[in-house]
Amino acid sequence: MNIKRTKEEIKNTISAYLLKDELGNYEIPSIRQRPIFLLGSPGIGKTQIMEQISKECGIGLVAYTITHHTRQSAIGLPFISKKQYGDKEYAVTEYTMSEIVGSIYDKMEQTGLKEGILFIDEINCVSETLAPAMLQFLQCKSFGNHKIPEGWVIVAAGNPPEYNKSVREFDVVTMDRVKKIQVEADFTVWKEYAYAHQLHGAVISYLNTRKQNFYQMETTVDGMHFATPRGWEDLSNIIQVYEKLGKSVDREVVEQYIQFPKIAKDFANYLELYYKYQTDYQLEAVFEGKLDEILLKKVAHASFDEKLSVVGLMLSKVNEALGNAVRKEAYMELLQSYLAEYKQVTEEVTEGLDGQQLFFNICQKASVEYRQKKQAELLTREEEYRYRQVMKILEEILQKMKLLSLNDGKACFQKAKEAFEKENELYEKVWKEAEQKLEYAFDFMEGAFGNSQEMVMFITELNSNANSVAFLQETECERYYQYNKELLFEDKRKKLLERME
């Protein structure tokens, strides 16, 4: 399975394992809930999807890399206790609670979440002394004498032996007690993730034209050479930060993340051209509505690789604008939900109405919801930022009420309404700017390429970005719908992909 299908299957399994009957018992008894065992090459996202799944399912997550643990920390430390058997007292060896099991109970106490995922990474790379404990863990769902709490689903991950010399093969008895999923790298799925998480346009456009470099593993006389999805994402992050610092990313920097010299050199050359084309074709001016006929003719007669790079640059700018608009809309919806609740409360309260106090209560509610979700680790980075933005504007409204000594319900609501309308004006401005940038991009694409394979790529990539699709569903861009209808035929896409290969 690719990582997207794997994520879906894990979520389905969790739903099945946590389903209860009318008496409150799990439909599948704990002993029959097979641990999920993910087997796949390193760097393809096995670990990362666990955080996504726990947030989306609203359950806890406790994660361990088992190679960092000893037998004592996994099973617990022995101690001598006294027990009475018949009329005699005996000294008996017992064990303290496993650190891993204890962490589950800590998570339950901290978050209030009684169900969750226990994720054990690199499970097939344990030491010789810990191997029997891992077999017991997979077979009996326990470490030593301490069982994993009911409602906690076990997910384990490991690498195939060709990628790690420390790998231990599990026997048939163990493998017959796990739900094994073979995970494979898939660029198409990763690209959806890359767009959603705003990875650098150069990385996405480069891999669009060189998919074979997305995931590579090669053993040479100089050691292992590799390029992984994890490496590309981390490289993207450093490029974005270096741009803010005004620093350049050269081949030496690329090789620190893409440890495959040939691919690193190729991408470094591509990145240099990527920046060059941005200047040569004056793309900043394009998004201000200024088109240069000479430059349009130049790109129209450029090499295929150069054309694709320019299209990639256009997509990067457009997707950024559309994504910002969609994120601003999500912020407005969250803000509106709290202000709508405030309006409802002020309408329901007829006696002793203190509009400022009621608004303070709304601010407190938002703060509590944010803290609870953050503590339970149920917020994505984007969701956390959105909550903080909303709490900031709510606090600003409350401070204005205090400054003006407003207590009257209508006056307080009017002040909140004014603040919302001001935020809404900013939102509409961002939305209109995004619409305008999309139109400017189409002006450039039509002027340079017309109804061509480059336009096919432009439309196809817009359709690959979830944020862009969400934006386009809510706006009227006639040219997008026109080209989408005319150009996205399977034969044209097939020819383009073949040529890109």
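Residues numbered from 1 in each chain as written. Predicted model: local features only at pLDDT ≥ 70, side-chain atom pairs only at ≥ 80, totals over all residues. Heavy atoms only, no water.

In the sheet, strand β3 (residues 78-85) pairs with strand β4 (residues 88-95) via 8 bridges, with the strands oriented antiparallel. Across the sheet, residue glutamine 84 finds its bridge partner in β4, namely glutamate 89. Turn length for the β3-β4 hairpin, with the two strands adjacent in sequence and antiparallel, is 2 residues, and the turn residue glycine 86 shows positive phi of about 65°. (Pairing = 2+ DSSP bridges. Helix = DSSP H or I, 4+ residues; strand = E, 2+ residues; numbered from the N terminus.)

We now examine the packing of aromatic side chains. One pass over the full model with this rule turns up 21 aromatic pairs. Aromatic pair phenylalanine 137 and phenylalanine 143: ring centres 4.5 Å apart, planes at 15°, arrangement stacked. According to the relative accessible area criterion, phenylalanine 143 is buried, its value standing at 0%. Here a set of aromatic residues connected by ring pairs shows up, and it is made of Tyr206, Trp232, Phe267, Tyr270, Tyr274 and Tyr275. Between the NZ or CZ atom of lysine 298 and the centre of the ring of tyrosine 281, over which it lies, the distance is 5.3 Å. (Phe/Tyr/Trp six-rings, centres within 6.5 Å; stacked < 30°, edge-to-face > 60°. Buried < 20%, exposed > 50% of the residue type's maximum accessible area, 1.4 Å probe, protein only. Lys NZ or Arg CZ within 6 Å of the ring centre and 35° of its normal.)

Attention now moves to the packing of helix α14 (residues 304-348) against helix α16 (residues 381-403). Look at α14 against α16: their axes get within 10 Å of each other, and the N-to-C directions meet at 45°. Put simply, α14 runs oblique to α16. Relative to α16, the crossing made by α14 is right-handed. Two secondary-structure elements touch here, α14 through Arg327, Ala330, Tyr331, Leu334, Leu335, Tyr338, Leu339 and Tyr342 and α16 through Glu382, Arg386, Tyr387, Gln389, Val390, Ile393, Leu394 and Met401. Of the residues that constitute the contact of α14 with α16, the class distribution is 12 nonpolar, 1 polar and 3 charged. (Axes fitted to C-alpha atoms, helices over the stretch in contact; angles between N-to-C directions. Parallel < 35°, antiparallel > 145°, perpendicular 65-115°, else oblique. Left-handed = near helix turned anticlockwise from the far one by under 90°. Contact = heavy atoms within 4.5 Å. Nonpolar A, V, L, I, M, F, W, Y, C, P; charged D, E, K, R; others polar.)

Let us now look at the side chain of threonine 6. Relative to the elements of secondary structure, threonine 6 occurs in helix α1 (residues 3-17). What threonine 6 contacts, discounting residues up to four positions off in sequence, is Met1, Leu38, Ile49, Ile181 and Val183.

This brings us to helix α7 (residues 187-196). Where burial is concerned, most of α7 is hidden: 7 out of the 10 residues are buried. Considered for burial, the residues of α7 that qualify are Phe187, Val189, Trp190, Lys191, Tyr193, Ala194 and Tyr195. Packing partners of the buried residues in α7 comprise α1, α2 (48-57), α8 (201-209), α9 (229-245), α14 and α18 (453-464). Of the residues one or two after α7, glutamine 198 is the one with positive phi, at around 55°.

Turning next to the pattern of salt bridges. By the definition in use, this model includes 21 salt bridges. Note that glutamate 418 and lysine 415 form a salt bridge whose closest N and O atoms lie 3.4 Å from each other. With glutamate 418 and lysine 415 both in helix α17 (residues 409-449), this residue pair falls 3 residues apart, about one helical turn. Between arginine 479 and glutamate 439 there is a salt bridge, with the nearest N and O atoms lying 2.7 Å from each other. Note that arginine 479 is positioned in helix α20 (residues 478-487) and glutamate 439 in helix α17, a separation of 40 residues in sequence. Of the residues examined, glutamate 439 reaches a relative accessible area of 25% and is grouped as partly exposed. Three or more residues joined by partner-sharing salt bridges are found here, namely Glu439, Asp443, Glu446 and Arg479. (Salt bridge = Lys/Arg side-chain N within 4 Å of Asp/Glu carboxyl O.)

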